[in-house]
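# Report on the structure
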Amino acid sequence: MLPEMKLSVLKLQHQSPIFSDDDILYMYNVLEGSNISDQDIRKKHVEMLKTKASIKVTNESQIKVATCMNCGRAVSGKVEVFCLLNKERFKGSIYCYEHQKPHI
């Protein structure tokens, strides 16, 4: 909760509410609907975010592009993270969508 002084200053700065009650309800519903309640899915989501954060670019002009282990085709960041999170299935390798099928 904000201290009394801060609330007073905010009320002076914003004479009318910034968001309507409908806006607030809409934002609440969007956030509530996006919340990951399943603990296993939440854990995978956090791992995926950490994996994305740990990918470093060695040079600002150079962008790291993941490629398929079989065909060498460039894959999206989502595909790369999916493969890396499914260690048992892909054994730490990255495969394009077409070459993921044999590993099912």
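This write-up is about the structure you can find in this document. These numbers were taken from a predicted model, which means no experiment stands behind them. Throughout, residues of each chain are indexed from 1 in the direction in which the sequence is written. Per-residue local features of the predicted model are confined to residues with pLDDT of at least 70, and side-chain atom pairs are confined, for both listing and counting, to 80 or more; whole-chain, interface and lining totals are unaffected and use all residues. Note: side-chain values were computed over all heavy atoms of the structure, leaving out hydrogens and water.

What follows covers the overall build of the protein. By the criteria applied, helices consist of DSSP H or I runs no shorter than four residues and strands consist of E runs no shorter than two, each listed in order from the N terminus. Looking only at helices and strands, the protein has six helices and zero strands in total. Its helices and strands taken in sequence order, the protein reads α-α-α-α-α-α from the N to the C terminus. Across the 104 residues of the protein, 15% fall into the buried class. What sets the accessible areas is the Shrake-Rupley method with a 1.4 Å probe; for residues, cover comes only from the shown protein chains. Accessible surface, the protein as shown: approximately 9,000 Å² in total, 58% of it carbon and sulfur. Residue exposure (1.4 Å probe, protein chains only): buried if accessible area is under 20% of the type maximum, exposed if over 50%, otherwise partly exposed.

Here is the rule: rings of Phe, Tyr and Trp (six-membered ring for Trp) pair when centre to centre is within 6.5 Å. Planes less than 30 degrees apart are stacked, more than 60 are edge-to-face, and the remainder are tilted. Per the stated rule, a full pass over the model turns up two aromatic pairs. Chaining the aromatic ring pairs together yields one cluster made of Phe82, Phe90 and Tyr95.

A patch consists of residues exposed above 30% relative accessible area that lack any salt bridge, with like charges linked at up to 9 Å and nonpolar side chains (Val, Leu, Ile, Met, Phe, Trp, Tyr) linked at up to 5 Å. When a carboxyl oxygen of Asp or Glu lies within 4 Å of a side-chain nitrogen of Lys or Arg, that pair is called a salt bridge. There is a patch of nonpolar side chains on the surface, built from Ile18, Phe19, Ile24, Tyr26, Met27 and Val30 and spanning about 610 Å² of accessible area. Looking at where tyrosine 26 falls in the secondary structure, it is placed in helix H2 (residues 21–34).

Attention shifts here to the nonpolar core. Soluble globular proteins: nonpolar side chains tend toward being buried together. By convention a nonpolar core is built from buried Ala, Val, Leu, Ile, Met, Phe, Trp, Tyr and Cys residues, the set being connected through side-chain atoms within 4.5 Å. Residues Ala66, Cys68, Val75, Cys83, Phe90, Ile94, Tyr95 and Cys96 constitute the largest nonpolar core, which totals eight residues. A contact between two residues is defined here by any heavy atoms of the two lying within 4.5 Å. In this view, cysteine 68 contacts Arg73, Val75, Ile94, Tyr95, Cys96 and His99; residues no more than four positions away in its chain are not counted.

A negative phi angle characterises most non-glycine residues, just as the trans form characterises most peptide bonds. For lysine 91, which is not glycine, the phi torsion reads 55° and is therefore positive. Within the fold, lysine 91 resides in the loop between helix H5 (87–90) and helix H6 (97–100). The class of lysine 91 is exposed, set by a relative accessible area of 69%.

All we've got here are geometric facts, nothing functional implied.
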